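Structural overview
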Amino acid sequence: MKSGSDFPYNEAVMSTFASFSLDKTLVHALEKLGYKNPSPVQERVIPKALKRQSLVCQSQTGSGKTHSYLIPILDTIDMHLPKTQAIIVCPSRELARQVYEFATPFQRFFPTLKVRLFTSEAQKSQNSEGLTIPPHIVIGTPGRLADLLTKSYELDLHQVKTLVLDEADMLLEQGYFDDIDALYSLLPEKTQTMVFSATLHQGLKDRLSKYIGANFVYEGEKSKTSVQVTHHLIDIKHVGVLAALERFLNIRKPYLAMVFASKKEDVKKAYQHLKEIGYEPTMFSGELDQRERKQAMRKIRSNKSSLIVCSDLLSRGMDIEDVTDVISLDLPSDLSYYYHRAGRTGRFDKNGDSWVFYNSDSTKLPLELIAAGVQFEFLTLRENGLVNDPVGLLPKKKFSKKKPFTEEESTEVKIAKARTRSDKVKPGYKKKTQEAVEKVKRKYRRKAIKEAVKKHKKTTYSRLAKSDE
């Protein structure tokens, strides 16, 4: 399996979709649907995909991975051949429906194009309906596709040209590769396999190389989230997470925010609290049944809610437009999910902010993210606003009133007192003397903080350097 360095940036830089020599109707459709210029990942992947090469692509969320495979599929399938020619496998119902909603608008421009969605939203009998004319493109979840294609053999797969595994790391984590193995074994020998994922760890690479034998890997930007995202750590000072969330929303007033919690019960608590104080949030978690999840997604898609309270089920691959703020009430034990959370904003060259709540008892995971290279801005949550925190995750040590002065401090204190002394006793002289001494103390507090921050940075960079080795 080749590395990303085997495919340099300037090999396939294109300025428009027409540069790919796509079908003219497809280029026209892309323009009418608002897709005028390919993203960096599309510039690199589409030329390889059009040559029908199998590939593995890792790129940050919001980079345009879906159209990186949809466009080549639409260009290469035979619209006049009523046979299934492409299969797209997604790890969740919501992701499968999102891909389906990306694909179906092209039917306006290709009247004979047939696309079908197969997920657990429909019963098996419903899935089988309307298959007398097979769809050109099949999109679905692994379990439902296994029932349809590898158990009941509802569709002829002999004309399949392309298999896509979307969010492949999630497919692996959820144990779907047995179903995918079964499906892959039924496909023609020369089927093109395209794998897309926001993260691409070694275990997944090994699995893909073993049974797919992909000959190209595009590994995207080193940043695991968009560079348009600003990361913030907020010390909530043991206020309590729900009270802190209420205070933060009153201060920040986000346009469209996603509030993440790691546990279903914490999602529910946050949702109920927000409703009690007058907000109209939308909740999305694994606790919802099929009907409730569908209703929640419909509400989210129609922009009827400016506040979405959710579990990490909604952190992966979902394209929710115009999310300005992502708020993490806690951090997931698997920190890769933090990058997925943060990736819900800052999409398609828009700016976004990711906010993480913590206090002095929960610094372990934030420190791990810092060690991994996430650059945070440090803030403290006050009643009246967010205040810059120069110390950050370092222990907040106050200067004791009884702390003895160093020799250098003592000298400056004596000088300060001397400057405020007068031969005659004047009103307020004690106050002036006290202010002069406090000024000296503040100077040395700032000096101590700077030295502590410098030491912390040195320790962090040293740890990063060792990990790179």
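With that out of the way, let us pick up the overall build of the chain. Of regular secondary structure, the chain possesses 16 helices and 15 strands. Residue burial in the chain is summarised as follows: out of 469 residues, 49% are buried. Sequence-distant contacts, at least 24 apart, represent 74% of the contacts inside the chain between residues at least 6 apart. A total accessible area of about 24300 Å² is found for the chain, and carbon and sulfur atoms account for 49% of it.

Under the definition given, this model contains six aromatic pairs. Taking the centre distance of 6.1 Å and the plane angle of 55° together, the rings of Phe 17 and Phe 20 count as tilted. Pair check on accessibility: Phe 17 and Phe 20 agree, each one buried. Relative to Tyr 339, the ring of Tyr 338 lies with its centre 6.0 Å away and its plane at 65°, an arrangement referred to as edge-to-face. Overall, the relative accessible area of 0% leaves Tyr 338 in the buried class. Looking at Tyr 339, the relative accessible area reads 10%, which means it is buried.

With that out of the way, let us pick up the nonpolar core. One finds Ile 88, Ile 137, Ile 139, Leu 314 and Ile 327 to be the most contacted residues of the largest nonpolar core, which totals 77 residues. Look past the residues within four positions of Ile 88 in its chain and what remains in contact with it is Tyr 69, Leu 70, Ile 73, Val 99, Ile 137, Val 138, Ile 139, Gly 140, Leu 145 and Val 164. Formed by 25 residues, the second largest nonpolar core is a distinct cluster that contains Leu 157, Leu 163, Ile 180 and Leu 204.

Okay, the sheet that holds strand β12 (residues 325-328) next. On the basis of which strands lie adjacent, the open sheet formed by eight strands has the order β10-β11-β9-β12-β13-β8-β14-β15 and mixed pairing. The open sheet is flanked by β10 (282-284) and β15 (385-388), the only strands paired with a single partner. Neighbour-to-neighbour, the strand axes of the sheet open up by a mean angle of 25°, direction not taken into account. As paired elements, β10 and strand β11 (residues 307-310) share three bridges and run parallel to each other. Its bridge partner being in β11, Met 283 is matched across the sheet by Val 309. In the packing of helix α11 (residues 264-276) onto the sheet, the strands contacted are β10 and β11, and the crossing angle to β11 comes to about 150°.

Taken as a whole, this structure holds 11 salt bridges when the rule is applied. Across the pair Arg 301 and Glu 101 runs a salt bridge, and its minimum N-O distance is 3.9 Å. Of this pair, Arg 301 sits in helix α12 (residues 290-301) while Glu 101 sits in helix α4 (residues 93-103), placing them 200 residues apart in sequence. Owing to a relative accessible area of 37%, Glu 101 belongs among the partly exposed residues under this scheme. Among the charged side chains, a salt-bridge network with shared partners connects Arg 252, Asp 325 and Asp 353.

What follows is about helix α2 (residues 40-50). Where burial is concerned, most of α2 is hidden: nine out of the 11 residues are buried. Within the sequence span of α2, burial applies to Val 41, Gln 42, Glu 43, Arg 44, Val 45, Ile 46, Pro 47, Lys 48 and Ala 49. After α2 finishes, the residue Arg 52 shows a positive phi value of roughly 65°.

Looking at the chain, the pLDDT average stands at 82 and 80% of residues meet or exceed 70. Strand β2 (residues 86-89) holds the highest mean pLDDT among the elements of the chain, 97, whereas helix α5 (residues 124-128) holds the lowest, 51. This stretch, residues 1-14, has a pLDDT under 50; its non-local contacts, to residues over four places away or in other chains, come to 26 contacts.

Taken together, Lys 275, Arg 298, Lys 299 and Lys 304 make up a surface patch of like positive charges. Among the secondary structure elements, Lys 304 is positioned in the loop between α12 and β11.

Contact geometry for helix α3 (residues 65-76) and α4: axes closest at 11 Å, N-to-C directions at 50°. Classified by the interaxial angle, the pair formed by α3 and α4 is oblique. Seen from above, α3 lies across α4 with right-handed handedness. Residue-level contacts link Thr 66, His 67, Tyr 69 and Leu 70 of α3 to Val 99, Phe 102 and Ala 103 of α4. In terms of residue class, the contact of α3 with α4 is built from five nonpolar, two polar and no charged.

What counts as what
The residue numbers shown here count from 1 along each chain, following its written sequence. Owing to the predicted nature of the model, reporting of local features is limited to residues with pLDDT of at least 70; listing and counting of side-chain atom pairs is limited to 80 or more, with chain, interface and lining totals taken over all residues. Note that water and hydrogens are dropped before the side-chain values are worked out from all heavy atoms of the structure. Segments assigned H or I by DSSP are reported as helices when at least four residues long, segments assigned E as strands when at least two residues long, and all are numbered from the N terminus. For each residue, the accessible area found with a 1.4 Å probe, counting protein chains only, is set against the maximum for its type, and the residue is called buried under 20%, exposed over 50%, and partly exposed in between. Should any heavy atoms of two residues lie within 4.5 Å, those residues are counted as being in contact. To measure how exposed things are, a 1.4 Å probe is used in the Shrake-Rupley method; for residues, cover is taken only from the protein chains shown. Only Phe, Tyr and Trp rings are paired, with Trp represented by its six-membered ring, and only when their centres lie within 6.5 Å; those with planes under 30 degrees apart are stacked, over 60 edge-to-face, the remainder tilted. As used in this record, nonpolar core signifies buried Ala, Val, Leu, Ile, Met, Phe, Trp, Tyr and Cys residues forming a set joined through side-chain atoms within 4.5 Å. If DSSP finds at least two bridges between two strands, the strands pair. Angles shown run from 0 to 180 degrees and are taken between the N-to-C directions of axes, each axis being a line fitted to C-alpha atoms and, for helices, limited to the stretch in contact. Each salt bridge in this description consists of a side-chain nitrogen of Lys or Arg and a carboxyl oxygen of Asp or Glu lying within 4 Å of one another. Per-residue confidence from the predictor is reported as pLDDT, which spans 0 to 100. Any residue with relative accessible area above 30% and no salt bridge may belong to a patch, with like charges joined within 9 Å and the nonpolar Val, Leu, Ile, Met, Phe, Trp and Tyr side chains within 5 Å. In this charge count, Lys and Arg are treated as positive and Asp and Glu as negative; neither His nor the chain ends contribute. A charge is said to be at NZ when it belongs to Lys, at CZ for Arg, at CG for Asp and at CD for Glu. Small angles under 35 degrees read as roughly parallel and large ones over 145 as roughly antiparallel, with 65 to 115 read as roughly perpendicular and the rest as oblique. In a left-handed crossing the near helix is turned counterclockwise from the far helix by less than a right angle, and in a right-handed crossing that turn is clockwise. Asp, Glu, Lys and Arg are counted as charged, while Ala, Val, Leu, Ile, Met, Phe, Trp, Tyr, Cys and Pro are counted as nonpolar; the rest, among them Gly, fall into the polar class.

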